[in-house]
Every structure is written in structure tokens, then in C-alpha cells.
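# Tertiary structure, described
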Amino acid sequence: MVPKIPMRGEVSLMSATPHQPTVTEREARQVAEAAREQDWRKPSFAKELFLGRFRLDLIHPHPMPPEDDVQRGEEFLAKLRDFCETKIDAARIEREAQIPDEVIDGLKDLGALGMKIDTKYGGLGLTQVYYNKALALVGSANPAIGALLSAHQSIGVPQPLKLFGTQEQKDVFLPRCARTDISAFLLTEPDVGSDPARLATSAVPDGDEYVLDGVKLWTTNGVVADLLVVMARVPKSEGHKGGITAFVVEAGSEGVTVENRNAFMGLRGLENGVTRFHQVRVPAANRIGPEGAGLKIALTTLNTGRLSLPAMCVGAGKWCLKIAREWSAAREQWGKPVAFHEAVGSKISFIAATTFALEAVVDLSSQMADEDRNDIRIEAALAKLYGSEMGCLMADELVQIRGGRGFETAESLAARGERAVPAEQILRDLRINRIFEGSTEIMHLLIAREAVDAHLSVAGDLIDPDKSFSDKAKAGANAGVFYAKWLPKLVAGPGQLPRSYGDFNRHVDLSPHLRYVERNARKLARSTFYAMSRWQGRMETKQGFLGRIVDIGAELFAMSAACVRAEHLRLTGQHGREAYQLADAFCRQSRIRVDELFGRLWSNTDDLDRKVVKGVLAGTYEWLEQGVIDPSGEGPWIADATPGPSRKENVHRPIR
């Protein structure tokens, strides 16, 4: 086959990466490792917690925002609440599966597109705390609107430019993002999800431009976006380092086609699509950061960007609590409101206590992000993980409390004369949060990697098969020094002293819970060390164990945040007595979960599960699948994403 000679205005793909790069497991890990932040220049409460050190001083007293930030934030929240109550018809969005243009225009007029953008660029300059409160508010009106605003500001163009953009890029793009232009973030591809080493979209240098070719999937906001952050692979060549690189791309550029608007079980107003790039020319001036820095930019952006998702889970929890309270008081069974039947009451208690704790986690992490004194990469990841999981549980319990009415749609309820409560909708809408911005399974691995970073820093070469004997010997010596100092500190601590944390003994005594956290942080660190000693290089394959380790850390972090928030509210005169009661209830519930997770560290079915999985894939149990009909349609499991011109209608619809 004779290679095509590039014509003027085109770039030959001969020099580009193959359509689907083939990488080994080790190469994929190396790409992921190179993308993460290597250093810890600031203290981290969660990092210390996983190392067995309960640094309460890093989060208590609870950090406080400056008064002018509070005033500016509250003023905007008041305007946003009025807009949500008077201009957003949530039932219409659910019915039509689209956010009306006039609603988006109204949000633009409010400045909601620029909540996190500095005032000098036309934004509102809200803190992370108030940005999250705004997302919780608007997300409670309709989660698809919350997703639109979050994708635009948390991972879209504004945040990467804020952290890594040049002054010229900020001057050009941020004023547009603050008032008129919607942005989207494009990383995922049809056959590339959490393994970006296989990224196939290419960006071939051509003079002062790059030429993009490829297909991106699940582009939230992509259908209506004006600006895109696109991750593409630059081939290594003379003068070009190459690697996965971030670009700002005009969505209306020639060669950009939105081929499909995707539909989902929830978030029906979500403008999420499939975007194809064919010979799209992007100025080199639109490259964010150096070549090869794309994944690092993406992960760093998510360090605080992930907080937007649990913030909306907080809003969902508050709504679930409101509906549970009102319904359970009105609905009577066997002579009394259903709330006073223990089977229902325990669910209401869970929703109330968990909402309190989740808000504590999000507000604490957000305030620490605003102060910028601590490294919150683990805290934000834990907030995302914990919020998405607990949010789904709270919504599921609300549906159960509502019974048949919980399964019935709001439209059907209204049609027969009852209050249109969209309980089933919130369950559908929240389900994606366990997948968005890193699935629960990926978050477990990401957090686990950060949690064992100190161990890998001193002893990683010992378990690396590619390291030389001299490297291993040096690592052994370093590890000996580290563990000689660290291990003895895991034996005893303040958690064993009956009067420790006495400042938290007020209306209710929360000090036992903090002592529990301290003791179990040391136990968690000991368990991690034992597992690393036992499995060494195979530790990364023990994903069930690592997931439980992370879940324990998440519970301990949430308990700490809940206690600190209760004391903060007591000191500021904001429902201190009630806050202590909720913190106590949450900690007691959380301790049961922690004890169970510790038990499952060493008593589980992980080994048996692996054997069953091998049997399933080998067809050993195919007989078990007999007796059913598969209603699935025909077609490949993964759509073809071969680069080339689009053969579909462009469904891109910018809102102006």
C-alpha cells in the first residue's frame, strides 16, 4: 500500500501514534505513576492518618473563612436560591431530557459560570466552600444543572488554566468562561477509561500548530460546549518531547463533530456526547503546560475538582432527610407515624447522621483547600469516594422509606393527586457518582497508592524486580532506619488514655470516638505494613484488601471531621447540642462499619472469588446462564473509534 502524501492543510498520520497504542501492564503503571504528584510539600491529615498518626491539630480548631468571603458567598447563594425557586422547572427537565436554553442563559447572567473564576477576569471569585454550597443548592433543584456547572468549572477550561495556564491564556479564555462560554473536559475514549496509557487521540505537530485526530466518549457538556480541554498524544520527534498533552480547543473548529448526544438512566438533562476530531488544527499557543504533562494536569486539577461531586451528594442527603422527615411523620401504620417504627427510624437516623458527617467532610476539605496550608489530594479523593457511596445509600433508603411511592415517578404521583416527590429520580441521578471522575474501584487504588507512598519511598526498590542488587541493598538500609523509628510509635498512643481529647466532652461525650480513631489509625498502619511484608510486589494485585484499607481510612476521616464540626458549631452557637448528638450517632454507626472492615481484611473470599472468576471466563458455569432471554441489541461491545472524517450529523448546539 502506497502511503498517502499529505496535501496542504493536512498532516500525515504516518508519524502519529497508532490508532490504539498497545501497552504492557508495567508501562501502564509507569504512565500513571509519572502523572501523580511525587512530593508532599505540605502536611496532609489523611496521609498521616494512614501512617498511624492522628494529627488532630491539622484540622482542629476548624479552619474559618475570611468575613468578606462569607459575605460575598452568602449574597450569591441568596440570588441563586431565588433563581432556582423561580426559574428552574425540574419536572420539565426530567420530562424533556434537556435543560432549557433560557435556564442556562439565566445562569450565565447570574455569573454562575464564573463562580470559581477570579473577579479580575469577570468571575465571582467564590471560595471553594461557597462554590460547593452553590453546587449543592443548584444540584438539589436539578442534578443535571449541577453537573453542567461542575464539569464547566471543576474540570473544564477554568481550573486547568488557573493552575497551569499562561497569563496570555488566562486573559483570552477566562473572561469567556466566566460569562458566556461553556467548557468541557475530554479524556475518555471508547476503549480508554481509567487506563490513559492507551490513549489514541493524536496531536501531530505542524509548525506553530498541532493537528488533532481521534474520538472522545462521554464528553460531559460536550454537546453544548464552546471550549474544550482535550487530552491527546503528541508523538515523540525532534524538538518534541511528546506524550499525553492538554489543549484548549474551540468547539466550533473545522473538523470537530459531536456525533451523538448520549442518554442515561439518570441525569436526563446532561449534555454528554461523543466528539470526533478530524484534522483539527489547534494553535500551539493553546497547549496547556509542556508536552507530556497532560495527565499530571488532569490529576492535579481533580485534587480540588473532585470536591464538587460530594458537595452535590450533601445536597442530595439534605433533601432525602427533608422528605424522610415529612413523609414519615405524615404516614401512619399500626396507630403511629412510621418514623416511630424502629425499622424505619433506623433508616432516618442513618440519613441524618450521614448527611451531617458528609457535610463535615466536604466543608472541612473545602476550607483546607481555600487556606492552601495542607495538601488535600487524599482528603478530596476520600470525600469523593465516601460521598458517592453514602449518597447512593441514603437515596436507596429514602426509596425504601417511601415504599411503593418511592418506586413511582413524580409525574405518576402527581397524575393521581399526590405530592410529586422524585425519590426514584434521585436514586437514578446519584448512581453515576460512583463512576464519575474516577469509579469507586479506581478511587480505592488511587488513594491506596497515596496511602502507601511513604513505604514505597523507602522500600519500593526492595520489591521492584527490575532493580539491581545494590539498589535493593540501599533500599534495605533506608527501610531499616525508617521502620526502626516508625513501628514503635504504632504500639501505643493517646487513644489508650481515658482522658484524651477531653475538649470534646460537652453535651455528649465525643472523646471516646476520637480515641477510637487514634487507636484504629495505628491499627490501620500496622495492617498495611503487615500486608506489604506478606505480599511485597503482589500487594498491588490485592485490590480487595486495598479497598477495605481505604474504606477504613474514609470512615476514620469522616468521624474526625464530624467531631471537629460539632465542636465548631458549638463554639459558634450554631445548634451545638444537636450537632454533638448527630456526630455521636454517626460515629457509633461508623465504628460498626470499621470493625466489620477490619475483620474482613483477613477473613474474606478474595481467593475463592478469583477462582470463580476464572471459571466464569472459561465458560465453566455457562450452564447457569440457561433459561433466560438476552434482550440486548446487536453490535460490538466497544464502538469503532478509527480516526477519520465524521459520517454523522453534527449535533453540537452552542447556547447563545
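This write-up is about the structure you can find in this document. (Residues numbered from 1 in each chain as written. Predicted model: local features only at pLDDT ≥ 70, side-chain atom pairs only at ≥ 80, totals over all residues. Heavy atoms only, no water.)

### As for helix α13 (residues 377-402)
Taking 1.5 Å per residue as the helical rise, α13 with its 26 residues ought to reach 38 Å, and the 38 Å between its terminal C-alpha atoms agrees with that figure. Of all 26 residues that make up α13, 22 are buried, and the element is covered over most of its length. Downstream of α13 by one or two residues, Gly403 has phi in the positive range, about 65°. (Helix = DSSP H or I, 4+ residues; strand = E, 2+ residues; numbered from the N terminus. Expected span 1.5 Å × (residues − 1). Buried < 20%, exposed > 50% of the residue type's maximum accessible area, 1.4 Å probe, protein only.)

### Quick look at the nonpolar core
With 97 residues, the main nonpolar core has Leu382, Leu556 and Phe586 as its most contacted residues. Not counting the four nearest positions on each side in its chain, Leu382 is found in contact with Ala46, Phe50, Gly387, Ile447, Val550, Gly553, Ala554 and Phe557. One finds Val103, Met115, Val129 and Tyr131 within the second-largest nonpolar core, a separate group that totals 34 residues. (Core = buried A, V, L, I, M, F, W, Y, C linked by side-chain atoms within 4.5 Å. Contact = heavy atoms within 4.5 Å.)

### Digging into the environment of Gly404
Summarising the element assignment, Gly404 is placed in helix α14 (residues 404-407). Overall, the relative accessible area of 59% leaves Gly404 in the exposed class. Distance from Gly404 to Ile244, taken between C-alpha atoms, is 50 Å for residues 160 residues apart in sequence.

### With respect to the packing of aromatic side chains
Per the stated rule, a full pass over the model turns up 13 aromatic pairs. With centroids separated by 6.1 Å and ring planes inclined at 35°, the aromatic side chains of Trp535 and Trp602 adopt a geometry described as tilted. Taken together, the residues span a long stretch of sequence, with Trp535 in helix α20 (residues 511-535) and Trp602 in helix α22 (residues 576-602) at a distance of 67 residues. Of the residues examined, Trp535 reaches a relative accessible area of 12% and is grouped as buried. Aromatic rings pair up to connect Phe45, Phe54, Tyr501 and Phe557 into one cluster. (Phe/Tyr/Trp six-rings, centres within 6.5 Å; stacked < 30°, edge-to-face > 60°.)

### Considerations on the pattern of salt bridges
Applying the stated criterion across every chain, the model contains 44 salt bridges. In this structure, Glu96 and Arg92 form a salt bridge, with 3.1 Å as the shortest nitrogen-oxygen distance. Of the two residues, Glu96 and Arg92 both sit in helix α4 (residues 90-96), four residues apart, roughly one turn of that helix. The partner of Arg176 in a salt bridge is Glu250, and the shortest N-O contact between them spans 2.9 Å. Of the two residues, Arg176 is situated in helix α9 (residues 167-179) and Glu250 in strand β5 (residues 243-250); the sequence distance between them amounts to 74 residues. (Salt bridge = Lys/Arg side-chain N within 4 Å of Asp/Glu carboxyl O.)

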